[in-house]
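This is what each chain is made of:
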Amino acid sequence: MRLSPDTLPSLRHGAQRPGYDRAALTTGIVHLGIGAFHRAHQAVYTDDALARSFGPWGIAGVSLRSPDTRDALEPQGGLYTVAVRDAAGERLRVIGSVTQLLVAPEDPAAVLDLLTRPSVRIVTLTVTEKGYCHDPATGALNEAHPDIVHDLANPESPRSVPGFLVEALIRRRAAGVEPFTVLSCDNLPSNGDTAAGLLRRYAELRDPALGTWFAGNVACPNSMVDRIVPATTDADRDRVSDGLGLRDSWPVVTEPFSQWVIEDRFPTGRPAWELEGAELVPDVHPYETMKLRLLNGSHSTLAYLGYLAGYETVSDTMADPAFARLIRGLMDEEAGPTLHMPPGADLGHYKDALIERFRNPALRHRTWQIAMDGTQKLPQRLLGTIRDRLAAGAPIDRLALGVAAWMRYVSGTDEAGRPIDVRDPMAARLAELAAEAGPDADRLATALFGLTAVFGDDLPRDPRFTAAVTDALRRLYAEGARAVVQSVAPAAG
Ligand code: NAD
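- For the protein chain, an unreviewed UniProt entry supplies the name D-mannonate oxidoreductase, NAD-binding and the organism Azospirillum baldaniorum.

**A few points about the sheet that holds strand 4 (residues 89-95)**
Right, so step 1: The three strands are arranged 4-3-9 in an open sheet whose pairing can be described as mixed. The open sheet is flanked by strand 4 and strand 9 (252-254), the only strands paired with a single partner. Averaged over all neighbouring strand pairs, the angle between strand axes comes to 25 degrees, with direction disregarded.
Right, so step 2: Relative to strand 9, strand 3 (residues 80-86) runs parallel, the two sharing three bridges. Bridge pairing in strand 9 places Val82 opposite Val252.
Right, so step 3: Along the sheet face, helix 2 (residues 42-52) touches strand 3 and strand 4 and points at about 65 degrees away from the line of strand 4.
Right, so step 4: On the sheet, helix 9 (residues 234-244) packs against strand 3, strand 4 and strand 9 and is oriented at approximately 80 degrees with respect to strand 4.

**Notes on the nonpolar core**
Right, so step 1: Counting 86 residues, the largest nonpolar core has Phe358, Trp406 and Phe465 as the members making the most contacts within it.
Right, so step 2: A total of 10 residues in this core trace back to one element, the largest contributor, which is helix 16 (residues 397-410).
Right, so step 3: Sequence-distant contacts of Phe358, that is, excluding residues within four places in its chain, are made with Ile228, Leu295, Ser298, His299, Leu302, Val314, Ser315, Met318, Ile327 and Met331.
Right, so step 4: Counting 39 residues, the second largest nonpolar core, distinct from the first, contains Ala104, Leu188, Ala195 and Ala203.

**Let's talk about the environment of Gly438**
Right, so step 1: With respect to the helices, strands and loops of the structure, Gly438 is situated in the loop between helix 17 (427-437) and helix 18 (441-449).
Right, so step 2: Looking at Gly438, the relative accessible area reads 24%, which means it is partly exposed.
Right, so step 3: It is 48 Å that separates the C-alpha atoms of Gly438 and Ala168, two residues lying 270 residues apart in sequence.

**Remarks on the packing of helix 20 (residues 463-479) against helix 21 (residues 481-488)**
Right, so step 1: Their axes nearest at 7 Å, the elements helix 20 and helix 21 cross at an angle of 125 degrees. One way to sum up the angle between helix 20 and helix 21 is to call them oblique. On helix 21, the residues that touch Arg475, Leu476 and Glu479 of helix 20 are Ala481, Ala483, Val484, Ser487 and Val488.
Right, so step 2: Residue composition of the contact of helix 20 with helix 21, grouped by class: five nonpolar, one polar and two charged.

**Describing the UniProt feature "domain: Mannitol dehydrogenase N-terminal" (unreviewed entry) in the protein chain**
Right, so step 1: UniProt feature "domain: Mannitol dehydrogenase N-terminal" (unreviewed entry): in the numbering of this structure it lies at residues 28-274.
Right, so step 2: Split by type, residues 28-274 is 37% helix and 21% strand. Its first and last C-alpha atoms lie 17 Å apart.

**Side note on the site of the ligand**
Right, so step 1: Taken together, 22 residues form the shell around the ligand, and within it Ala36, Phe37, Asp186, Asn187 and Val229 come nearest.
Right, so step 2: With respect to the ligand, the backbone of Thr126 contributes an N or O atom lying 3.5 Å from an oxygen atom.
Right, so step 3: Protein burial of the ligand: of its 820 Å² of free accessible surface, 80% is covered by the chains.
Right, so step 4: Considering only residue class, the shell around the ligand consists of nine nonpolar, seven polar and six charged.

**What about helix 16?**
Right, so step 1: For helix 16, which comprises 14 residues, the first-to-last C-alpha distance of 20 Å matches the rise-based estimate of 20 Å (1.5 Å per residue) to within 8%.
Right, so step 2: Of all 14 residues in helix 16, 13 are buried, a share of seventy percent or more.
Right, so step 3: Positioned one or two residues after helix 16, Gly412 has a phi angle of 90 degrees, which is positive.

Criteria and cut-off values
- Residues numbered from 1 in each chain as written.
- Predicted model: local features only at pLDDT ≥ 70, side-chain atom pairs only at ≥ 80, totals over all residues.
- Heavy atoms only, no water.
- Pairing = 2+ DSSP bridges.
- Helix = DSSP H or I, 4+ residues; strand = E, 2+ residues; numbered from the N terminus.
- Axes fitted to C-alpha atoms, helices over the stretch in contact; angles between N-to-C directions.
- Contact = heavy atoms within 4.5 Å.
- Core = buried A, V, L, I, M, F, W, Y, C linked by side-chain atoms within 4.5 Å.
- Buried < 20%, exposed > 50% of the residue type's maximum accessible area, 1.4 Å probe, protein only.
- Parallel < 35°, antiparallel > 145°, perpendicular 65-115°, else oblique.
- Nonpolar A, V, L, I, M, F, W, Y, C, P; charged D, E, K, R; others polar.
- UniProt positions renumbered as here; feature names shortened; annotations may be inferred.
- Near = heavy atom within 4 Å.
- Polar contact = N/O pair within 3.5 Å; in protein donor to acceptor, adjacent residues only side chain to side chain.
- Areas by Shrake-Rupley, 256 points an atom, 1.4 Å probe, with all protein chains shown as cover.
- Expected span 1.5 Å × (residues − 1).

Shown next, in the form of structure tokens:
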């Protein structure tokens, strides 16, 4: 039997279920990018908030790409399971806050209608870094992006996030409906400010006066999100369905830890997320930089080096003591010293907890998944830290090794000579550069430094940066990832 509102009563004892009347929910939040992360994070906070103090905060989940989530969840009336997993076992919980699912490419007009409804007061986003159609090195809108070009020419049938949101805001304004708040939950630096800048620029391209209106009227709070949510596997589906006693076509699997730090700027209201553990603060930046540099920077470094060393998951990689030492050293010696935390924040505790989270063997987070989209991720995860270290005249050995490992990874061939499936919006360009350079560290590094969308104009001109990365890349080619990690992070004594 399939999980659905009708079969909920036969859920096995022990699995938690929605504690409110879903049929009475109205849609107050539209979420763009209804992937695994939203369902294990924001939708859970909202589910908790609805159970505690019911309000008009049902979520309509929209995919701007594939129909897969809608196809899986529609027959389940939007219900799905969050499986929280650690060494002690697995706890199952059915989430009810997602009540509607749409696929934008099938019917962009329906998505615009939804976004124009007065009941919708918040639009949340997890569309991955590439969904912002921006230049990751500068944060500026990529005005030559095919989706942006398309949407400016066809504003009534958009494809991109800016295209949908700005057209909806124009319609709301014309109808006298207040603008919604735009809440980015992607791993971007200053995600709210970045989204605001991109949307304002896109609005300006539609009509210069609209850009000014946008800047004065649309709130885009920054937020920091943290919970590790690997892609769901077929084995996850089977195990969760066995535990539920009902078939769930697309559960999500996650860890016990969850954090959400949000700037409290919601002119038209929001659910009481703070009662469920979200931290509403005046300034998110210190938390966000901490997370991007310690968690995401370590994650990417582990992903590239771990993949090259033949490890399938982050926890497999962390089980190798040299990799664990490297990551602790990266946090303690290189990334940590660049952070300026508010009084009371306990960095030592945060780093200890991160190491434990990375080690969680119950979460099979694949190195290959984290390795995706490196051109979009590197700037905020490693390169900003490197800029700060260079400005302070401080060493960057471990950070440079992370960047070199990305280069070795995007060369497209692993240490055993097998092809690597490199997923990245710039994959074609990366493959071209790698083919021209061949297996030559100096040529490959020089070619990749030329990607200004990734490295900017400054880093490729700084010999401390180029020498450290090129040297690490030479060593990765000559010795292999595992040997290099062992020599950069030797055992004490
Ligand atoms: P996912 O693959 O399950 O879902 C990604 C979603 O983004 C899908 O709905 C997809 O259609 C959409 N998308 C992909 N490319 C797009 C594009 N070019 N334009 C518009 N939409 C696009 O991934 P996920 O685990 O849900 O992660 C999504 C994002 O959430 C991450 O990129 C990150 O910014 C943030 N996040 C994830 C985690 C995690 O552990 N998974 C943790 C913190 C933050």
